[in-house]
Every structure is written in structure tokens, then in C-alpha cells.
Amino acid sequence: MQVSAKNPLSILKQTYGYDQFRGEQEEIINHLIEGGSSFVLMPTGSGKSLCYQIPSLCREGVGVIVSPLIALMQDQITALAQLGISARAINSSMSDRAVFEVKQKLESNNLDLLYVAPERLVMPEFVELLERVKIALFAIDEAHCVSQWGHDFRPDYTALSFLAERFEGVPRIALTATADRATRKDIIERLKLENGRTFIGGFDRPNIHYSILERNNPKKQVYDFIKNYHLEDSGIIYCISRKKVEDMAEWLQGKDINALPYHAGLPAEVRSENQDRFLREDKIIIVATIAFGMGIDKPDVRFVAHMNIPKSIEAYYQETGRAGRDGLPSNAYMIYGMDDAVMQRNWIENSEAPELQKRIENQKLNALLGLCEAAICRRQVLLEYFDDTGEPCGNCDTCDTKPQTFDGTTPAQMALSAVYRTGQRFGMVYVVDVLLGKEDDRIIQFGHDQQSTFGIGKELSRAEWQNIFRQLVSRNLLMVDVQEHNGIKITEKGFAFLKQKESIDFRKVTISKKTKADKPSRRKKPALEDEDDQELFEKLKDARQLMAKKRRVPAYVIFHDKTLIELADRRPQSFEEMLEINGIGESKLKKFGQTLLDVILKG
Ligand code: ADP
Ligand code: ZN
């Protein structure tokens, strides 16, 4: 690439067309340029890619990016080409000839970035090739895949620890958008990043509105949601099984909605065609199993709907995080039922996974149920899970309409003291049995039938107690120690709760009945308030669509909506003024500037 000055800020301005760094980007970038390694945990859409792309351009040599999803490498490369950055991929889907050409470019030092899948990076022949060229850095994307504690473990990733020894002195950066505490620690150990720095960005995605409702009429609930808020938009609907995916897609098509199915059982051509249409066309809704979405960086996905619960909060956060990467208002909408939980538990039980893994998965599921049943702001529960904090957000269903709750102070005190008196080492089932006064052999053997908490909870049912325990865990008053046979312990927050005699409310969970019409989220507003501006925005979108078609790339690769909105609002009259718009750098100005300027001047 040709850059006049190899300094991060001027690259940001000239190449990407942005005028300032966000959050910790600059610090991460400088640390890498100086040769330091790091672990970066920041939410989707926060700009992680720039954190390795810019240092790759500043440092001598090629930046090698490890990513698990080869299907999307091409899109990234196309997008980078629009910016004038020379990037290529090497992966198993390419012909020998194409691979050969990339290798030549690599050996003649003609590449800024090289994308590879992990299995390629550990091939001896490929490693030898890399040893012959100058490497600017290694970036390990989706780094949670390296950890069994994460929610998408990939054995191929574990081999990546060899980079630390084999390429000593080359800085490495591992990035992920989802990792709880245990997963973070594991990633750092496995990738040997102990001597590097850790950057944890705020987790919040303020532009996403969350709502979670009980399921009573699944298809209609989701259809109403789309009809009310998203008829003009792209979105993703997640279902639990292939059959449900096909069923739902067909049903929506019958209602004149452009819905396309996606799951691992469809022929590869159908899958890639549907994914392609989703990326390239407007107003396409993909109905999918979780096989869809990893690495999808379409910025203008306006909603993600779940018809069943995912298996963990991390999975939920990652899946919903695919909405609104461009920062514009978006919806995460989920309907759930207790049969979801039963099904997930059966899967865990019947899987081949080792006992510890099963326990981890059960706890992750409990945390997710805690989120569904939460009586407080959804965002607070989500952020708390990732050790982040925030005030009630005003942009989720429980903030919009306070759910029905009951005063749970007394049951919470009972639960905590039963945990305490049984020694903080038994699991939830056992403690609930104590509260219910069940004369079980083990309880008698341990003498817990002689304690004051034995049988004090008889007024509530087992299901109610389980709900309370889950909510206590999700509120971080109790924690489950998976290393110690799922024994429940009281957290610091829990002890403070007891000591200060605080009060607590729980959400009333009804046994699914028909509920009144759903009222999930904000009504959609047009992007621009002024009618003329909105009209110009639509015209700019049309122009973008034509340019995208001509180049056979998705529209957002040309410009994001955000950039077009800013253009319609500020109406620059010259190339110079256009450069001040976010998202217009020198390369894009040269390619598309005149066309857009014509539209604006005519408008
Ligand atoms: P992530 O990989 O963390 O999900 P991306 O790197 O894809 O996020 O960035 C999300 C969007 O934000 C992209 O369109 C990117 O170009 C844009 N972006 C990144 N950094 C900045 C910045 N400093 N200023 C403005 N936009 C930015
Ligand atoms: Zn809220």
C-alpha cells in the first residue's frame, strides 16, 4: 500500500477516512507497533480489526491473521481492496494455482495482510514459508475458540501456542468479543500471552435494544415483531433445529417476507447462495441454526431474533451482537420457554463431553435462564456477567415496562443462609431439598435436618426455588463453583446483602399462557428527521447499490449507511469537504466520490 506517512493517525484518516481513534484502539495499536503482544476483549462492532490492520501497515512485513471462517475471508479482502490495502487469503477452498500466486506475492513482499485458517498455520510447509518472509505480526481472531471454557472450542486453535516459540519477537494479538473470566485466563495461558498486555473494552452495545419474552405463539410472535418494526430491514432469526428453520422460512415466505433458510444440512450451493444474497441485497431475512453467522460482518443487520434460547450468555451476546455493528438502533428479540431448557439439559447430559465440561455447560445455561427471568435491566445482567457495570439502560424491555415482580427478600435470605449453613459446598438440588425439608439419606447423614433452615422453604415449590437460585446467581449474590462439583458459594455481594439487610425483587415467571400483544421495542424512526435529507439518503443508497452491483460486492463494502446519512445531512459540495465525512478516505474518494457528489449536487 502507498501511504505518505506510516503513522497510525494518518493511516486512520487517509486510508479509512475516520478522524479519531475509538476507546483503546490507539493504545493497542501503539503497543503492537512497538512489538508488544496483547489480549483484546472488546464487543462486536467496537473496531477490533483496525487494531491489527493499522499496525500491519505500520510495521515492516505482512500481518498474518488467523480466522476460523474461510467463507468470509474473501469479503474482508474485497472490502480492504476498496481502501487500497493489499490483502489475500490462503485456504483450502482455493485452487493450487491461486495459492501459488498468493505465495509468490508473499515472498516478494507484496502483501499487507494475509488471512489464514488455523489448520493451515500449523502445516510444517507453510510455517517454513512464513519463516522465509518478514512478518509484521500475528493476529488471532475469535480467540475464544482456543478455550474449552469458551463457547465455541476448536481443537485446531490449541496448536497456535507454537507461535510464541517459533516466531519469537513477532508480536501477537489475540482478539475476541466474548469471554467470561475463566475463558480469558485460559486464552492468555494457552496462547502464551502472559507477558503481553490485556485490554478489556466496555462490553456495552448501547444501540441494541434487548427484549426477552415468554413464548406462546412462536411464529406469530416473531412475525408481528418483524411486521411492526422491521419490514424494510435485514435480520437474522435463529431456530433450534434444521426442521424448525425450514418450517419458519417457508411460513414467512407465505407471508411475503423475503426469508431464506440456512443450516448445515442444506447443499453447499444453497447455503452460499443464501448467505450471498443476505450480504448483498437489502431486506433479506435469514432463518438459521447457529451454523450461520460467525464472522458475518454485515454492518446493517437491524435485528436478531431467537425463537429458542441459546446455550449460554456468551452465545446470546455474540449472536445478538451481529445486529447493529454500524452503531445505528437495532433490536435483539428473544422468545423462550422452559421446554428449551429441558432440551438443552438433555443435550448436555447425553453428550460425550467429560464431566467437568458438562458442569460448565449446565452453569452457563443457568446463567442464561437467569437473564430470561431477570427482573432488572437486561443490560445490567449482561454486563454483570462480563464483569462490567452500568446503570439501568432505558433501552430494554424491563426498562421500558417494569415486569411483575414479587418481594424476594425473605426467600433470598433463606436461600443464602441455607447455603451458608450447609457449608457452601453442596449443589442447588441439595440446598433446595434442605429448604423443602426433604428427609433424604444424605441430608440426614450430614445432620442438615437438624438445622434451622431445614424445611423453612416449604411454602414455595421446587420450581420456584430453582427460579430464585438462578436469579440469585445471575445477580451475583451466589456463585457456582464448577471446579468443586457445582457447590454453591456466597459471593462478596451476597454477604453484603445479608449484612446490610438489603431487599430484593424477583421476576414473576408465569407458566406460559396466552399473553397480551407483545410490545417489544421502540418504534422505528427514519434515519434522518428532515424529509429532504431522508430523500437524499435514499438516493445515495440507490447510487451505492449501482456501484456495488458493478463491482459485485455488498453495498456496505462501498459505504456504510452511517456515511451516507452523514453525507445527506452535511451535503458536502467538493472533494475536500467530502474527505471530512466519516468513512471516506482517499482511496474511496477516488473511486466513488464523483458519483456521490453528482447525486448531492443534483439533490
Ligand atoms: P469488530 O471487529 O470489533 O466487530 P470492526 O473492526 O468490524 O469491529 O469495526 C466495526 C465498524 O466500526 C467498522 O465499520 C469499522 O470500519 C468502524 N470503525 C472502527 N474504528 C473506527 C473509528 N476509530 N472511527 C470510526 N469508525 C470506526
Ligand atoms: Zn435496561
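Residues numbered from 1 in each chain as written. Chains lettered and ligands numbered in written order. Predicted model: local features only at pLDDT ≥ 70, side-chain atom pairs only at ≥ 80, totals over all residues. Heavy atoms only, no water.

Peer 1: Account for the coordination of the zinc ion (ligand 2), with residues named and values stated.
Peer 2: By definition of the ideal shapes, a tetrahedral metal site with four donors has angles of 109.5 degrees and an octahedral site with six donors has angles of 90 or 180 degrees. Around the zinc ion (ligand 2), the donor atoms from the protein are Cys377 (SG), Cys393 (SG), Cys396 (SG) and Cys399 (SG), and they sit 2.3 to 2.4 Å away. One way to put it: the four donor atoms around the zinc ion (ligand 2) meet at angles of 101 to 118°, and that makes the site tetrahedral. In terms of primary sequence, the donors binding the zinc ion (ligand 2) are separated according to C-x15-C-x2-C-x2-C. Note on cysteine 393: relative accessible area 25%, which makes it partly exposed. (Donors = N, O, S within 2.8 Å, 3.2 Å for Na, K, Ca; no water. Tetrahedral: all angles 85-135°; square planar, octahedral: opposite > 155°, others 65-115°. Buried < 20%, exposed > 50% of the residue type's maximum accessible area, 1.4 Å probe, protein only.)

Peer 1: Outline the sheet that holds strand β13 (residues 330-336), listing residues and values.
Peer 2: The strand order β8-β13-β12-β9-β11-β10 describes an open sheet built from six strands, whose pairing is parallel. The strands lining the two open edges of the sheet, one partner per strand, are β8 (208-214) and β10 (259-262). Between one strand axis and the next, the sheet turns by 15° as a mean value, whatever way the strands run. In this structure, strand β9 (residues 234-238) lies alongside strand β11 (residues 285-288), joined through four bridges in parallel fashion. Across the sheet, residue tyrosine 238 finds its bridge partner in β11, namely alanine 288. (Pairing = 2+ DSSP bridges. Helix = DSSP H or I, 4+ residues; strand = E, 2+ residues; numbered from the N terminus. Axes fitted to C-alpha atoms, helices over the stretch in contact; angles between N-to-C directions.)

Peer 1: Tell me about the packing of aromatic side chains, and name the residues and values.
Peer 2: Within this structure, the stated rule accounts for 20 aromatic pairs. Ring geometry for phenylalanine 426 versus phenylalanine 446: centroids 5.1 Å apart, planes at 70°, classification edge-to-face. With phenylalanine 426 in the loop between α19 (409-421) and α20 (428-436) and phenylalanine 446 in the loop between α21 (441-445) and α22 (462-474), the pair connects residues that are 20 residues apart, well separated along the chain. You can call phenylalanine 446 partly exposed: its relative accessible area is 34%. Members of the aromatic cluster, connected to one another through ring pairs, are Phe203, Tyr210, Tyr316, Tyr317, Tyr385 and Phe386. Above the ring of tyrosine 223, the side-chain terminus of lysine 255 is found at 5.1 Å from the ring centroid. Positioned above the aromatic ring of phenylalanine 278 is the side chain of lysine 298, whose terminal nitrogen or guanidinium carbon lies 5.5 Å from the ring centre. (Phe/Tyr/Trp six-rings, centres within 6.5 Å; stacked < 30°, edge-to-face > 60°. Lys NZ or Arg CZ within 6 Å of the ring centre and 35° of its normal.)

Peer 1: Describe helix α17 (residues 378-385), naming the residues involved and giving the relevant values.
Peer 2: Listing the buried residues of α17 in full gives Arg378, Arg379, Val381, Leu382 and Leu383. Looking at the packing, one finds that the buried side of α17 touches β8, α14 (313-320), α16 (355-372), α18 (397-400), α22 and β17 (505-507). At the exit of α17 stands aspartate 387, carrying a positive phi of roughly 70°. (Contact = heavy atoms within 4.5 Å.)

Peer 1: Account for empty space enclosed by the protein, naming residues and giving values.
Peer 2: Applying the stated criterion to the full structure yields two cavities of 30 Å³ or more. Considering only enclosed or pocket space, the largest cavity measures out at about 40 Å³ in volume. Lining the largest cavity, in full, are Leu279, Arg280, Glu281, Asp282, Lys298, Asp300, Arg544, Ala555 and Tyr556. Of all the secondary structure elements, the ones that give two or more residues to the lining of the largest cavity are α13 (268-280) and α25 (555-558). When its volume is computed, the second largest cavity comes out at roughly 30 Å³. Its residues assigned to classes, the lining of the second largest cavity comprises four nonpolar, three polar and one charged. (1 Å grid on protein atoms, 1.4 Å probe; cavity = no way out; pocket = protein on both sides within 12 Å on 5 of 7 lines; lining within 4 Å. Points joined across faces, edges and corners; volume = space filled by probe spheres on them. Nonpolar A, V, L, I, M, F, W, Y, C, P; charged D, E, K, R; others polar.)

Peer 1: Give a description of the site of ligand 1 that names residues and reports values.
Peer 2: In the vicinity of ligand 1, 15 residues are found, and the nearest of them are Tyr18, Gly45, Ser49, Arg325 and His560. When isolated, ligand 1 has an accessible area of 560 Å², and the protein chains bury 84% of it. In terms of residue count, the dominant contributor to the shell around ligand 1 is helix α3 (residues 48-58) (three residues). Partitioning the shell around ligand 1 into residue classes produces four nonpolar, eight polar and three charged. (Near = heavy atom within 4 Å. Areas by Shrake-Rupley, 256 points an atom, 1.4 Å probe, with all protein chains shown as cover.)

Peer 1: Talk me through the pairing of strand β15 (residues 478-481); I want residue IDs and the actual numbers.
Peer 2: Here β15 runs beside strand β16 (residues 487-490); their pairing, made up of four bridges, is antiparallel. The residue of β16 that forms the bridge with methionine 479 is lysine 489. In sequence, β15 turns back onto β16 through a hairpin of five residues, with histidine 485 there showing a positive phi of about 50°.

Peer 1: I'd like to hear about a negative patch on the surface, residue by residue, with values.
Peer 2: Taken together, Glu529, Asp530, Glu531, Asp532 and Asp569 make up a surface patch of like negative charges. Relative to the helices and strands, aspartate 532 is located in helix α24 (residues 531-551). (Patch = residues over 30% accessible without salt bridge, like charges linked within 9 Å, V, L, I, M, F, W, Y side chains within 5 Å. Salt bridge = Lys/Arg side-chain N within 4 Å of Asp/Glu carboxyl O. Lys, Arg positive; Asp, Glu negative; His and termini not counted. Charge placed at Lys NZ, Arg CZ, Asp CG, Glu CD.)

Peer 1: Pulling in residues and values, what's your account of a positive patch on the surface?
Peer 2: Where like charges cluster on the molecular surface, the positive patch consists of Lys550, Arg551, Lys590 and Lys591. Contributions of two or more residues to the positive patch are made by α24 and α28 (586-602).

Peer 1: Tell me about unusual backbone geometry, and please be specific about residues and values.
Peer 2: For asparagine 109, which is not glycine, the phi torsion reads 60° and is therefore positive. By the element assignment, asparagine 109 lies in the loop between α5 (96-107) and β4 (113-116). Classification of asparagine 109 as exposed rests on a relative accessible area of 53%. In this structure, lysine 192 takes a positive phi of about 55° despite not being glycine.

Peer 1: Can you lay out the domain arrangement of the protein chain for me, pointing to particular residues and giving the numbers?
Peer 2: By convention, interface size is frequently given as the accessible area that disappears when the constituent parts associate. Domains assigned within the protein chain are domain 1 (8-200), domain 2 (208-400), domain 3 (405-507) and domain 4 (545-602). Between the C-alpha centres of domain 1 and domain 4 the distance comes to 29 Å. The interface of domain 1 with domain 4 comprises 14 residues on the first partner and 16 residues on the second. Three residues, Gln14, Gly17 and Gln82, lead the burial of domain 1 against domain 4; their summed loss comes to 47% of the area buried on that side. Taken together, domain 1 and domain 4 are joined by zero salt bridges. Inspection of the domain 1/domain 4 interface yields five residue pairs in polar contact (both at pLDDT 80 or more). (Domains from an automatic or database assignment. Buried area = accessible area lost by both parts, 1.4 Å probe. Polar contact = N/O pair within 3.5 Å; in protein donor to acceptor, adjacent residues only side chain to side chain.)

Peer 1: Could you give an account of the environment of leucine 32, with specific residues and numbers?
Peer 2: Note that leucine 32 resides in helix α2 (residues 25-33). Residue classification places leucine 32 among the buried positions, given a relative accessible area of 0%. Residues within four places of leucine 32 in sequence aside, it is in contact with Cys51, Tyr52, Pro55, Arg59, Leu137, Pro171, Arg172 and Ile173.

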